[in-house]
Every structure is written in C-alpha cells, then in structure tokens.
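# Structural features, examined
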Amino acid sequence: MAALLACMASLAVGQFNTPASPAIPSKVEIGGVSKCSMDYKGTTSGGEWEASGRKLTVAADRTSFETNQWDHAYIYFRLTAEYPDFVKDRRYKVSFTMDVFDTNGPRDFASPPELLRYKKGEKSWYEKEAVWPEDLANEKPELIYGGANLVFTSVAGSNRYDVEWQSPVNFAGASGSLWIYVQLSTRPEADPVTYRLGEVCVEKVGESVDPPPTIASYSERVTLLVPPHPGNDVMTKQTDCPWDEAGLVSWENEVGKSSGSVTLPAGKKILLSKASLDAGARFDKIEVPATSTLVFADEEISFSVKAFVVAGELLIGSPTCRVEGPIRITFFGSKSDGDTPLNGYGTKGFAGLPGSKVDIFGRRFYPTWSRLARKVRPDDDRAYLQESVNWYPGQEILMPTTISDDTDIEQPNQNEVRIIKAVSADGKVVQFTEPAMYTHYAGTEYQGEVALLSRHVMLEGEPNADGFGGHLLVAGSNSRARIAGVATRYMGQTNVMARYPLHTHLMENQPDSYFSDNTLRDTYFRCVVIHGTHGFLNTENVAFNATGNCFYVEDGVEENNIISYNLAAYVKPIGTPAAGASQGGAKFYEADSPGGLTTQDTIQPADHSAAGFYFSNAYNRIIGNVASGGWSGFGFPGLPKPIGVYASKTDLEPQSRPLLEFRGNVVHSSGWYWSSGGCIYIGGQLTTQSNGKLFYNSGRFSRNTRVEKEPGYQNWEGTPVIQVFENTLLYGCNKGMLHWGDRVEIVTAEMHDILRAGTLFGEVWLTDAIINGASGNVDADFITKHHDGFQFYDISVKSIVTNIEFRNYQRGFCRGPFVIPGKTDWVNTDERCSVDGNVYSHNNIIWSALYHSDEFKPQQISAVNKIKYTNVDKELLISFKITGNGASRMFNFIDFDGSATLEGRPTIVGSNLNWWQVCDDCRFSDDWQVWLCPKAPPGIPEREVAHIKVLTPDITYPNGGIGESGSCRDHTDTDWNACNVGYVALWGHGPQYGDEKRSTIITANAGITGITGTGWWLWLDGGAPKKFQVRPSQVPEGSIVRLATNYPSGTTFTIKAWYKWGGQHDATFTHAASLDDVWANRREQYFFDGTTLYLAPTVPVALTNDRYERGGAWIYDTEEAYIIEVVADCVADSKGFCKTKPQDNIPAWTGGCPETPTVFPVFSPTSAPDTMIPATAAPVTKVPSTAPPVTRAPDTVAPATTAPATKVPSTAVPATNVPDTVAPATAAPATDAPSTTAPATRAPHTTAPATPAPIISATSAPDTVAPATTAPVTKVPSTTAPATSAPDTVAPTTAAPVTDVPSTTTPATRAPDTTSPATPAPIPATSAPDTVAPASKAPVTKVPSTAAPATTVPDTVAPTAAPATAGPVSPTRVQDTMAPTTAVAVTEAPIMSPAENDKEARIACEGLSEGASCGSGSDDLRCLAGVCRAAAEAPDPEPEGGRSVSWFVPAILMATVAALVACGVVVYKAVHKPSSMRFNDFMSQIEAATSASTYSPLASPTTAPSSPSRFSV
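Sequence order as written defines the numbering, with residues in each chain counted from 1. Under the rules for a predicted model, residues below a pLDDT of 70 receive no local features and side-chain atom pairs below 80 are neither given nor counted, while totals for whole chains, interfaces and linings still include all residues. Think of the side-chain values as coming from all heavy atoms in the structure, minus any hydrogens and water.

### Side note on the overall build of the chain
Strands here mean DSSP runs of E at least two residues long; helices mean DSSP runs of H or I at least four residues long; both are numbered from the N terminus. Within the chain, the secondary structure is distributed over 11 helices and 94 strands. Whether a residue is buried, partly exposed or exposed follows from its accessible area with a 1.4 Å probe, protein chains only, as a fraction of its type maximum: under 20%, in between, or over 50%, in that order. Within the chain, the proportion of its 1513 residues that are buried is 59%. Two residues form a contact once any of their heavy atoms are found within 4.5 Å. Excluding contacts between residues fewer than 6 apart, the proportion of contacts in the chain whose partners are at least 24 apart in sequence is 77%. For the accessible areas, the method is Shrake-Rupley and the probe is 1.4 Å, while residue cover comes only from the protein chains on display. A total of about 55500 Å² of accessible surface is found on the chain, and carbon and sulfur atoms cover 53% of it.

This is how it looks when you write it as structure tokens:
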C-alpha cells in the first residue's frame, strides 16, 4: 500500500529526473598526444627554394634535400604538419631522424640541432646567415623561445634526436611556426650536401596535475550581482500542469496525423502528445484560432513547421509546471519576403497574433550562467564555479573568452563550447568530455563566465549560408508572452526587419510578460528584441554567437523595461564594422531592398556597430548583465526622434532620456573594431532621412539628459539629470567608457587590462574605482599595448576623478622575460616593449591629456582628489607632451589634496612653460616636465586657475583663428608658429626666475589660461590695439586676474561691459583714483598711469560662475556671456593698432607670493585619505537576492526645491583643539537586492549621509552606502568652538563588512563621500572645500518616478548660546575636515637649500637666537618645528654611512614633539630639491617618539627611500 501511495504521489506531483553523474577525480589528467609526419616545408616535387641567391633542391620523394654549396653552415626545416598548441607549464617532446652526408661520407653537426618556435611578427629576431626558406623570409618571424635553450640530444645507437621541455608560454599553432635548425661542420671543398630527414614527431607528454588554486576573493570594490534563486519548488516539482486540465481532447482525434496545413477546431482545447505525431512530422502551417487552446503534453515531442500561428492560446508548461520533454520545434523554408504564411508576420517562424497568450516553460536550470572560482587552463578538463548548479552530464556549456580581442581579426576567438561529463555533488565543479583549448582566467580582479546552453525545449531554424533562420514574435497590447527555459538556435533572418529569435512587437505595457532563462545561440539576426513594449522583464538569458545588435531596444520609445542578469557573448557586426580615424566615426545608410542586400548592407545601419546590449532609449533598468565581445558591450546611440513605426511621434526625444538604472553590469573583451571603441559607448546618432530610410553615424554626438518640465515644453527647459553608472566591472577592452553627453557619473567601478579608463565628455565624475593596467591574466594579450589611466579633455568639459587606486602602470610593461628555470636570455624585454628607443614609447601613463589642437585651449576643467598608486613607476604618473600648440601650453589640472602629485598639499599642475611659475614656491618636475604650485600657500588668497579670452578685430578670434598666415585651426603639428600674434607674461622677473620672462604665446585662437592672484602682461606683436574685448569666461568669485598692457602716452579710453543675454548688467568703466582701487573694487574701474592700462576682468556678482563639485574637488563653470570692450582714443593704422607703438615693458611685481614658509600637513603613504585597500580586508560577500526583479519600482528625483544643506556657525567661546565629532554609525549592513518600494531621491553629493553603513576597513572602504531605515545623522556640536587648527573628525565604525544582501525597504538618499577612515591623514583646513552645495544652484538629480521622494534632512551645526565671535562660515573656503593622526610620516617634499648652514640651523633649534624668532604660541610652535626640521634637513658633511642626525634629537625632543603634536603639522621651506634619506630617518625617529612613551635614538627608520623607482602609496 505504501508503494502504491508513493507512486500515486509521484504522478500527482511530477519530479524532474537528473542523470547520475560519475565522480570527478581529484587530479587533472592530461592525455598524451603524439603526432608524427614527414610533411615539412617545400615546393612542388622536384622544385627549388631560393633565398639570398642560394638554392636548395628538394628530392621527388620529399625525404631529402640537397644543396650545391659547401658553405651552407646553417639550415632550417619548417614543420607544416598539424601539431598541438603549446600550453604554458605543460610538457612536450619533439623527435626526428636525420642523416647528413656529402660525397666524402657522413657529415657531422657542428653543434646539436635546435628547436625554434616562431611567432609571426614584423622583423626577424634570428639573424644568422642561413638558407632561408621562402615563408620564413616572408613572415619575418619573431622568436618566442627556443634556439640554444632547446637542444636536441641524440638517442644512443641511432640517427634519432629528441628534446623534451616544459613550455614557458601559451602558443597556438595558428599564430606561428615550428622549425628545426641544424648547424654543420664545414669542409674546405665545395661538395654538395644532402640531408635525409625522416619522421618528425611532436608529442604532448601525458601527466597528472593538480587543479588550479582557489581564488581568495571575487572582487574588491564592485559587488558581483547574482539573480534571485527561483525556489526549490520551481526547480524540482510540477504543480497545476496544463495537460492535467479537464476538457482536453487529443490532437489525433480532432486533427488526425496528417501533415500539410492544420487549423485547430474553434472553441477546443487540444492536447498534443508524442502519440499524436508520426516520426518526422512536417507541417506547412499550424494555426490556433482565437477561441482555441493548444496544450503540449510533457513528453518527447518533435516536428518541423514552416509557419506556426497562434491567435488563441499556446500552453507548453506553466510557471509552476515546467516541462521535462524534451520538445523540439524546427522551422524550415527557403529565404522569402512573403508574409502570407504567418498572416502578415513573415515566414519560417512563429507568430503570436494580437490577443494571443503564449506560455512556453522548459525545465528550470539555475543559474543559467555562473563565474569561475578557479582559472581554467588549456588541457584542463573541468571548471570550478562560484555557484552551485543543477546542470547534468550530456548538456552543453559555454566558456566565453577572457582575452581582450574577440574580433576574429588577428586571431581566432577563444570562446569554447564543451559537453558536460560529470558534475560534483555540491554542483560547483563541472567536468568536460574534452579538455579546454584556451585559458579562461579567474583571479581576484575578474573571472570568466560559464553558461549552460542546453534546455529541454528547443526552437530552431536550419543552419544555412544566407542567414535565413526561424523567428518568433508576439504582437499586440492585449497579448501575453511568457517564454522561459527555451533554447533557440539558427533563429533570426539577417537584415529582415521584425524577424528575430525572440521578439515583443508593439505590445505596449506588459508587466505580466517576460523572457527568462532562455538561450539564443548562433543567431542570424539579433537575440531578444523589445519593440514598442514597456514594463517588460528580460532576465537570465544567455546569448552566444549573435549577428547584429543582440539584446535590442528598438525604436526609442521603449521605457521602464527590466533587462537583468543576461549574458551576451561573441557578438558580430553586420557588414563593415564602424570605424573611422577619429571621433567622427563612419557613416552608414539603410539598404534599399532587403532582397538585394549584400554583406556590406544593413536594413538597420547601427548594426555596423553591433553591441551585446543596444538601447535606443536609456530609460530602462539594466542590472547585473554581462557583455563579452561585440563592437561595444553596451551601446546607447543617440536618437533625436523615434524611428520606425514611431517616427512621427514628436513629443519624445529618446536621446535626452536618462538611465533609469545601470547597476552591477560587466563588460569585457570588447571595443576592438574601432581605435576609439570601448566597453560602453554612449555616442553615435541614428536618424530618419527625408526618404524614410535610416542613417547612422557612429561618431561623436552629444546628448543632454533631462526630465521634461511638463508636457509641451522643450527638452532644454527640463530638469538636468545625470547618467549614473554604478557598480561596474570592465576588463579586456580598448577603452572603458566613451561618453558623449552633458553629464555622467561612474560610481564604484573596477577596470582591468584596459588601454584607457575612458573618454568622457560633459560634467564627469569618476569615483571609488580601481584602474588596473595589468591583471594577473598573462594571456590577456596586453603585452606591448600602451595604457593610459585617465585622459583629460582639452576644452569645455569638467572631469573630476576622486577616490581612485591605480595599479600596475610601469615603464615598458611586459609580462616577461619568458624563461625556463635556469635560463634567462630568451627574450629581450626592452626590444619587445620599445620600438624607437624612447623609454616612453610603450609606457603606461596614469594622467594624460589631449594636445592635438591650438584652437582648443583647456580652461580649469580637470580636478582630482584622493588618489592612490600601487606598483606604479613614479616618473609615469603624468605624461605631458610638448607640441607647440595652445592645448599643450595651457595644460593644467588641480590636485585637491596632493595625493596625485605626491605633493601632500593642494597643488596646481601646469605645463612645462615658466608661465605657470607664479612664485618661487612653485617647483618644476623633471620626471613629468610640468610645474607644481601650491594652491593654498599661507598669507595670500587661495590660488585658482582662470581663463579669459582677449579678442582683437582681425587678429584673435573666439572659435578658430583665420589670420594672414592662413588657418590656425589645423589639428596637426606642422607649423604652429604661423598662429602666433603675441605673448602674455607674468609681472616681474628676477634671479629667482632665471631673469627670464615667465610667459606663453598668444595665438590667433583666443584663450589664456593661468593662475590667479598674479599680474598678466598682454603684448601683441602689432602693438597696442585700438579696440579689443576681454571675456572673463572663468574667473572664480573671490579671485583676481590683474591684466595690463601698454599704450602710448596720453591715450584715453572708453570701456564698457555688457551681458549678451540681457541689459541688466551693462556698465561703463570709470578711471580709478589709484591702482589699488582697481584691485580692491575689481569691477567697473580701470587705471592708466600714462604708459600702462590696468584692468581686473571679472563678472558681476549676480553672474558669478557656479561650480561643479564632487568628491572634495570642483570645477567652475565657463561662460563667455559677459564682455568687456576697450576702445582706445588713438590714431590707428590699417591693421587696427595705434600708430604710435608702445614699449614692451613688463610691470614690476612683488606681491601675490607667500612671504613665510609654506605650512601644510605632510602626506603619508600609510595614512592617506580613505582610499586605501588593505590586503587583509575581507572580501565582499555575494548573497543572491530573494526578491523578484520585476517588482522594482523606479528611482525618483529630488525636487528642485529641496533646500541645500546649510552650515550654522557656532557661537561658543573658542576653546583649544576640541574638534566637532560625528557619532559612529551603528546601522546594519546595507543590502543590494531589488527594492519593493520606490527608492528615495538621489541626493546631491554634498548632503550628509543618513546613518552610514559599516565600513569594511577603516583604511579602505568608500563611504558610499547608506541604509534606508534610519534617520539622517546630525552633527553634534561640542560645547566649545574648535581651535583654528583642529578639524572636525568622524568617529570610526567597527561594523562587519558590507554584504550584498537585498534590501526590502526604500533606499535612503545617496550619501556623500564624506565618511572618514579610522586614522585619516590630515587635510589642510586652509584649502579644503566645503562639502555643502551652494544654494544658488539646484543639484543635478537622478530620474524621477511617480513615487513620492523621501525627505532629506540637511546637515546642520546647531548654534550654542554664546555670541558668535566670527562671521558666517564661507562655503567656498571651509570644510569639515578629518582629524590628524598621531603619527607623522614623510613623503617627498622640498627641503632647505644646501647653502643654509648646518651650524646655524642647530643653534636656531637649540636657542632660537639665530635664524628665527619664536615665541610660545601655537604659531610659534610651528616656527620651532620648522627650525628643527631645517636643522634636520641641513646637508650632512660626512660621507654616506657617516654621522647621522640622531645626535641632536634628544636635545630638542620635547620641544619638537610638543610642536608636532600640538599643531599636527610640520614646517618646511619650499625649494626644488627632493628630501634626503637622512631627513627621512630623522622624521622616522620623531614619528616613533610621538607614538611611544620612551625614546631611543637608535630606533630604526620606517619610511621608504625618498625617491623610489616603484612604489605603493
């Protein structure tokens, strides 16, 4: 009875059966393979080789060669027979037989034969005089390894020779050739020499090897997302199955077993079973009327059909009852344009007509793809996975490539398909029936994917050369499409619109439809197409070997769809891949007729730049996907208007629609079809021409992402919205991201093995990222490629880069030399990494910029903050290229904390010209050929970078100058001097500047960029212009540019100013009573002393530039709307200059420079801001989400009226050194699953966080995650005001690492990057920015939805009862800063001149009587510390290894330590020489003293050498 009940239960609830899997052995067995052949390189029988005038005759039987010259000391034989690829660390053996003789008998080898392994290259490495076979001479190969290091030994008693070795590299047979080289002993007589070459065997030696090691962690900053588990019931059970419903009638009873065309009877529910069909059943057409239902039984069913039309219902399983099958439907038919078979929807496919319900549910496999937990090596027979799978033996899997190039142009792609032999009991090891051919990398940086291709339901076309496969579409707003667990192959019809493998066609809002866990393999046109459909879910699908754009959002109207956890691999463009020599890209037109298309034509021209994921409208949720290969991984072309059937829709501009969500996506091995290509491409433009055909330009087209103000308004009147890319992993790509648009933020990213992080246009923020020039993937084929970390643009953008770690950027980076143990001379690394002898020819640079034009002169448009370097050559941090044009001369960026330049203080970086040497506290870097100037020296206003344009009629022009010498818009380096019209110089010069003018050239292309606070002297070669305009396009409020130029004596002036967008700021300048009045008032005044005209060009307060601020750095807006015009009352010549030419006299200037030693906290490699990644940090835990992604609500935008955070000054009586503090966070870790409620508004970067999430490590975790359920943290003021030198601090947290557990509550506003580490480095209070956004500019916000936004509580400081002693805090000068550490470490810094006397410095230190006058106040303590430091820095008169500075440390210990501890700073004088090792030793002892209760003068120094060649910061 029990057995009967169990049987009945199994019938009631179906159970899936998984074939048993054999056990997987612990070791990897490498099978021995031996291939022998007598096939070697020759011509036709009896033919000749000829090279270098020598002849070698080949015998007819191809077993011997004869040469007619006795002096042939060398000979090569090329093996042309197939031989195995060489795999790194595997053992191989080559053997051959050979006799050599002449008329006098056998000849001897002068040395043992050698085996040579050549790679196709540009020139020959092996240059011995030889008889060169023709293809060796033509290929000009490069020796990879071999020669004297792979020597054959003779087998005793035979003419056989063999050599066995372990391969040091991976080497595919198709990429090179194998040669045997022999050297003969010479004889004086000229006898012909005969070589008899017998069988040559190449053998892979069988062996057992251990599996590769397990990866320590799977990511560092990026959280790798995995889809939610579907639940065990879906995976293992069948309930509520459609074939169990009452009222079903059998197919054979209603239709019979006939073939041909079949229409089901109306109003019937038909059950199709295996018994319903004959073997090999073939139908021209199957049609299901609107009132009928076709149900498939869960049995093995297979048939072929030309047209399958459903107007009613098709039920193959259900969401709770997945079919086991297997079920196979094959679409057949020749290429045709006809629509009749599918009732207007084409032929050779499936059509769900409007009103239909299509359910297809094959067995559920989870996950559909995983990532490797260990590297797969060539010849490995298994893959170790990160997730447990329910796959089984006999199924097919895909391993996508993990090298960079997936184009098939230079080498075969390395995507591999294998059949499963066994699966481990825990589901995390999959063994193959055939070993892998290639390496599939898995390291801590990134891991390759493994995907399941097999399913229990198959929809397939037929393999054919014309690309005309099957297709499936479901159409109509009242239809439903739920297709899951289906494999498709040979689907899609190349260049036939609407004929795709899986396609939603004009379905409008579809919250109940989805495509899930399907595979799309060997497609002829696309993969999944979402057309005229919204709210659709496309998730967990796998696509491989796709033609054209794969996952495709079609016409530009499709919004609010969810594209999640899909994998697209090996995506190929149609026709010629889009390229072009510059940003202009290439142009493509829609072909006239699908029937007349060639391989170069496309019905949709954007398929020339096919991407794994293509979005004509970005307003969708894109989560957790992977793109491998393709022209790009993710493509976002710009559409000014919708296309296709929506071309007449005029109230939508698709290209202005922002991303709804882009999170957790991965791209690799992409962007190699175009020199400017990248992993992610936001660019190109697709438009409809007047003839109705499409036109596509793949190049640079910008977009202005906004949310409409309200219906009927123009887009530019809407609210600006940022394109935000969050939690993104990119590797093996040409560029990381190319973005042509107005604003973009890349928040939390990892980029490995990428030539450049990106080309980013608009307002750009890249933050919280790792940019790694070289991972541990030695097969990533990046050996000789040049890498840029980040390239600044040359005009009109705003690039802010913060909290970045750069790794592995070294001089002439190579992954060699490749050697066998004991051998070191196989590869000349320098030759492989440098072509022209220039050490920078193949170097990998961190910071670079565009220098291609004189027309485009950079303003202050680049800023960095919180930068870390690991394994980087110091001299390669900045690459400055001297080109002689304006872009080169005006090169600049601001390092807001000194971490990027290693200066340890806010620093302005300028080009090589002394124009940037505004004072003698600036220093020139020989390594980088740039000037480094302190941004905030003491005693003077903070320096900024300003930009003005001086326009003179017919001399200088605002946008590209055309002068008498011809065009100055040329973007070449030919003759830049033709553009020169004068110069601009800094006021004053003297011995400290080498008695030289500190100047730069002015060209016909207007634009001058320089440092504020100084005087700028303007001189035009033609003399004094009668009329000129000054446009102060970027002069920050509070800064001053003192502009002067000479005029003839007695000249009078009319100077007016106006705002070109309105007259409310018009003004007429008046002559000031004194020059000081001009500098004090700055606006609407000038001064002429009879020789020199002085102006302070700036703009009215009401028009003062706003600034773009992120991550503690900022960039001021640029605008040329305010114009100051100067008209001189002088007699002009024909060229517009005053006839009386003034003298070229630069004004004297002694102001604007600090008079006291510069004071700033010493930058410490071990206590830098919260950018460090400790080696011991626990990995981020991946926990799959439990919430279905379909329930995610859209993000919302904070209303423009949200009040910015404000700061209220404390009114308490000042106390000593009591910092404000922020209470430590105690909230639970934040989670990363889809939210079930509307997310909160995206708060601007400057808003205080709401109860920050726990930090992974006090020295490494970025402060970017905030939980939703807690109230915002408010600042708790102390009862006393802090001293002027005491920064605010943030208490460290002690919480566990952040995990990726899904949240079920509304996320809080985006927290700013303000949480500090436990022991942060000090940041100078004099230069740190306020993190509160100015109230005058509404923050740029994220995308709104209909949900109500959460409320943001501003971060305020409550006032105390005591009256204020100071005015309000200026938002442009004050920042809540981090508390200094108790230890002071040292990096490179300028020291005192060697000319300063050691004795005097010691006396000053001991008695304060000479060289200083110090009291007892805090400033005097700084003075004391500076004097003592000066003594320490004085040159040591004894040779290296002699007397150290420790002799005087005890005498001054108490005073110096007190000064250092009290002030938290050290003092030094700024000069141009690096600090000495002696000084570092001294400071190390000071550091030890400040952190210990006792002091030992013998303490060992702990700081690194002052000038490391390679370092980690």
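This is not the end of the story, as more comes after the structure.
### Considering the sheet that holds strand 79 (residues 1042-1046)
The pairing criterion is simple: DSSP has to find at least two bridges between the two strands. One open sheet holds the seven strands; their spatial order is 75-74-77-79-84-83-82, and the pairing between them is mixed. Bordering the open sheet on either side are strand 75 (999-1003) and strand 82 (1070-1071), each of which pairs with just one other strand. Where strand 79 meets strand 84 (residues 1092-1095), four bridges bridge the pair, whose relative direction is antiparallel. Note that in strand 84 the partner of A1044 across the bridge is Y1094.

### Describing the side chain of Q723
Assignment of secondary structure puts Q723 in strand 58 (residues 723-731). Here a polar contact is taken to be a pair of N or O atoms separated by no more than 3.5 Å, where protein atoms must pair a possible hydrogen donor with a possible acceptor and residues adjacent in sequence count only if both atoms sit in side chains. Of note is the side chain of Q723, whose polar atom sits 2.6 Å from the backbone nitrogen of L659.

### What about the state of the cysteines?
Working definition: a disulfide is two cysteine sulfur atoms within 2.5 Å of each other. If you walk through the whole model with that rule in mind, you get six disulfides. Covalently, C922 is tied to C933 through a disulfide, its sulfur atoms 2.0 Å apart. Taking the sign of the torsion about the S-S bond as the criterion, the disulfide between C922 and C933, at about 120°, is right-handed. Here the residue C922 occupies a position in the loop between strand 68 (907-910) and strand 69 (923-925), and C933 occupies one in strand 70 (residues 930-934), the gap between them amounting to 11 residues. Like C922, the residue C933 is buried in the burial classification. Two residues share a disulfide in this structure: C1130 and C1138, whose sulfurs sit 1.9 Å from each other. In this structure, the disulfide formed by C1130 and C1138 twists by about -75° around the S-S bond and is classed as left-handed. Considered together, C1130 and C1138 belong to a single accessibility category, that of buried residues.

### Some points on the confidence of the model for the chain
You can read pLDDT as the predictor saying how much it trusts each residue, on a scale of 0 to 100. For the chain, per-residue confidence averages 73 on the pLDDT scale, and 63% of positions sit at 70 or higher. Low pLDDT, under 50, characterises residues 121-141; the stretch is placed with 56 contacts to residues that sit more than four places away or in other chains. Confidence drops under pLDDT 50 across residues 970-974; counting only partners more than four residues distant or on other chains, this segment forms nine contacts.

### A look at the pairing of strand 20 (residues 269-272)
Burial along strand 20 is one-sided: I270 and L272 are buried, while K269 and L271, pointing the other way, are not. Pairing geometry for strand 18 (residues 248-250) and strand 20, over three bridges, is parallel. Bridge assignment links V249 to a residue of strand 20, and that residue is I270. Judged from the four bridges that link them, strand 20 and strand 22 (residues 293-296) form a sheet pairing that is parallel. Bridging from a neighbouring strand, K269 pairs with T293 of strand 22.

### Points about the pattern of salt bridges
Any carboxyl oxygen of Asp or Glu that lies within 4 Å of a side-chain nitrogen of Lys or Arg is treated as forming a salt bridge with it. Counted under the stated rule, the structure contains 51 salt bridges. Measuring nitrogen to oxygen at the nearest pair gives 3.9 Å for the salt bridge that ties K93 to D162. With K93 in strand 8 (residues 91-102) and D162 in strand 13 (residues 160-166), this pair connects stretches of sequence that are 69 residues apart. With a relative accessible area of 27%, K93 lands in the partly exposed category. In this structure, a network of salt bridges that share partners links the residues R90, K204, R377, D379 and D380.

### Concerning unusual backbone geometry
Between G325 and P326 the backbone carries a cis peptide bond, its omega angle lying at 0°. Inspection of the secondary structure puts P326 in the loop between strand 24 (313-316) and strand 25 (327-331). A positive phi angle is found at D240, which is not glycine, with a value near 55°. By relative accessible area, which is 67% here, D240 ends up exposed. Positioned with a positive phi, N803 is a non-glycine residue whose angle comes to about 55°.

### Overview of the nonpolar core
Inside soluble globular proteins, nonpolar side chains tend to come together where they are buried. Within the largest apolar cluster, 110 residues are counted, with the highest numbers of intra-cluster contacts made by F303, F308, F636, I680 and W847. For this core, the element with the most residues is strand 23 (residues 301-310), which contributes five residues. Among all residues touching F303, those that are not within four sequence positions of it are L272, L277, A281, F283, I286, F296, F308, R328, I329 and T330. Residue types Ala, Val, Leu, Ile, Met, Phe, Trp, Tyr and Cys, when buried and joined through side-chain atoms within 4.5 Å, form a set referred to as a nonpolar core.

### Quick word on the sheet that holds strand 30 (residues 396-399)
Pairing is antiparallel across the open sheet formed by six strands, whose spatial order is 28-33-30-31-32-29. What marks the edges here is a single partner per strand, and that holds for strand 28 (369-371) and strand 29 (382-384). Taken over all neighbouring pairs, the strand axes of this sheet differ in orientation by 35° on average, direction set aside. In this structure, strand 29 lies alongside strand 32 (residues 429-432), joined through three bridges in antiparallel fashion. The partner of R382 across the bridge, within strand 32, is Q431. Geometry is summarised by axes, namely lines fitted to C-alpha atoms with helices restricted to the contacting stretch, and by angles between N-to-C directions that run from 0 to 180 degrees.

### A short note on the packing of aromatic side chains
The description of an aromatic ring pair uses the distance of the two centres, along with the angle that the planes make with each other. Only centres within 6.5 Å qualify two rings of Phe, Tyr or Trp (six-membered ring in Trp) as a pair; their planes then separate them into stacked at under 30 degrees, edge-to-face at over 60, and tilted for everything else. Applying the stated criterion across every chain yields a total of 49 aromatic pairs. Ring centres of F615 and F636 lie 5.4 Å apart, and the angle between their planes is 15°; this geometry places the pair in the stacked category. Placement of the pair is F615 in strand 48 (residues 611-615) and F636 in strand 51 (residues 632-638), with a sequence separation of 21 residues. Across this residue pair, the class does not change: F615 and F636 are buried.

### Description of the environment of P605
Tracing the backbone shows P605 in the loop between strand 47 (587-589) and strand 48. P605 sits in the buried class, given a relative accessible area of 0%. Sequence separation of P605 and G548 is 57 residues, and the distance between their C-alpha atoms is 9.9 Å. Contact partners of P605, with chain neighbours within four places excluded, come to F588, Y589, E590, L686, L694, F695 and Y696.

### Observations concerning the pairing of strand 85 (residues 1107-1110)
The two faces of strand 85 match: R1107 and E1109 on one face and Y1108 and R1110 on the other face are all buried. Looking at chain direction, strand 85 and strand 86 (residues 1113-1116) are connected through four bridges and run antiparallel. Bridge pairing in strand 86 links Y1108 to I1115. Where strand 85 folds back on strand 86, the antiparallel hairpin that results is connected by two residues, among which G1111 adopts a positive phi of roughly 60°.

### Section: the environment of P1048
Considering the arrangement of structural elements, one finds P1048 in the loop between strand 79 and strand 80 (1053-1059). Not counting residues up to four positions away in its chain, the partners in contact with P1048 are A1024, F1088, G1090, C1138, T1140 and P1142.

### Here's the deal with the environment of A481
Along the chain, A481 turns up in strand 36 (residues 480-484). Residues A481 and F515, 34 residues apart in the sequence, show an inter-C-alpha distance of 7.7 Å.

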